[in-house]
Amino acid sequence: MFTIGGLVFLLLCVFGSFIASGGAIGPLIGSMPFELLSILGAAVGSFLMANSMHDIKHTIGGFKKTIKGPAYKKADYVELLSLLYFFVRLASSKGATAIEPHIEKPETSSAFIAFPKVLANHHASGMICDYFRMVGMNADDPHQIDDIMGRELKKTLAEELHPCHALQSMADALPALGIVAAVLGVIKTMSKISEPPAVLGEMIGGALVGTFLGVLLAYGVVAPISSKLRAVVMEESKYFELIRAVIVAHLHGNPPQISVESGRKMVPTEHMPSFQELEAVVQNLQIV
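How each quantity is defined
- Residues numbered from 1 in each chain as written.
- Predicted model: local features only at pLDDT ≥ 70, side-chain atom pairs only at ≥ 80, totals over all residues.
- Heavy atoms only, no water.
- Helix = DSSP H or I, 4+ residues; strand = E, 2+ residues; numbered from the N terminus.
- Rg over C-alpha atoms; globule rule 2.2 N^0.38 Å.
- Buried < 20%, exposed > 50% of the residue type's maximum accessible area, 1.4 Å probe, protein only.
- Contact = heavy atoms within 4.5 Å.
- Areas by Shrake-Rupley, 256 points an atom, 1.4 Å probe, with all protein chains shown as cover.
- Lys, Arg positive; Asp, Glu negative; His and termini not counted.
- Charge placed at Lys NZ, Arg CZ, Asp CG, Glu CD.
- 1 Å grid on protein atoms, 1.4 Å probe; cavity = no way out; pocket = protein on both sides within 12 Å on 5 of 7 lines; lining within 4 Å.
- Points joined across faces, edges and corners; volume = space filled by probe spheres on them.
- Nonpolar A, V, L, I, M, F, W, Y, C, P; charged D, E, K, R; others polar.

Caption draft 1: Structural detail: the overall build of the chain. Helix and strand counts for the chain come out as twelve helices and zero strands. Ordered by position from N to C terminus, the α and β elements of the chain give α-α-α-α-α-α-α-α-α-α-α-α. Against the globule reference of 19 Å for 288 residues, the chain gives a C-alpha radius of gyration of 27 Å, more extended than a compact globule. Projected onto the principal axes, the alpha-carbon positions of the chain cover approximately 90 × 35 × 30 Å. With 288 residues in all, the chain has 42% of them scored as buried. Contacts spanning at least 24 positions in sequence make up 77% of the contacts within the chain whose residues lie at least 6 apart. When the accessible surface of the chain is totalled, it reaches about 15,400 Å², and 67% of it is carbon and sulfur. Each charge class in the chain can be summarised by its mean position, and for the 22 positive and 25 negative side chains these summaries are 3 Å apart.

Pasting the structure below:
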């Protein structure tokens, strides 16, 4: 919501101040469709050339994230921590093999069913099952598991950040594409050099609209969207870092409460439950 509100405020301030200062909005509006077609057409074309179909779809999906914000709230982190607490408590008391019925068929697991949002998150549920399965196969060296999980999360983060880099590359190119549109406008003006000064002035003003739009779109629209998307992706990555923290702490031989506390510390401050809140939830946890 703040993204849309900020964009509206930006446009109102830019065009409102222009009108309030006595600027003629007519030539600006008259030239804008053609300049936008030139600039955005070139930007979209270069974007299509530089990215695969998967990355293009990924970037389109990223626009939804910039509007909605991070997908995970306080309740989601509490739910994930509760599920992990159940698993590390079960493994600590009955051994790693006791988790096998839950991780082999998570869709029928009473533990996963009790936390439907985690079950519906295929990346999170798959990650939990994969690494607890590895632990059950005697891959219980915490340093090795930490390294493997770290490399997987680094790879996933790089993939999730690609739309941000693609949008930032577009933002970097837009001012130059605006100059291209402006130069085309100047060429058009020079071909009408015999026209009266009033006509030439309007044509030159229309050509400069290209430079104006290129800079405005770059630094006022696309770059902020790229920055917002990056912030959302970085915050959402903490959800999966939490899984890593709990499992590694468990493999180091810590009690379930300490393992989950290690994960709680990975929750973004805005959504972090207090120690007492989380303790009350996990102590009342009942899964058959």
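Caption draft 2: Focus on the layout of surface pockets. Its volume calculated, the largest pocket comes out at about 430 Å³. Where the lining of the largest pocket is concerned, the elements lending two or more residues are helix H3 (53-68), helix H9 (142-190) and helix H10 (197-251). The dominant element in the lining of the largest pocket, judged by the number of residues it contributes, is H10, at seven residues. For the lining of the largest pocket, the residue count by class is eight nonpolar, five polar and eight charged. The computed volume of the second largest pocket comes to approximately 300 Å³. Lining the second largest pocket are 14 residues, and of these Ser31, Phe34, Glu35, Lys188 and Gly206 sit closest to its centre. Broken down by secondary-structure element, the contributors of at least two residues to the lining of the second largest pocket are helix H2 (25-50), H9 and H10.

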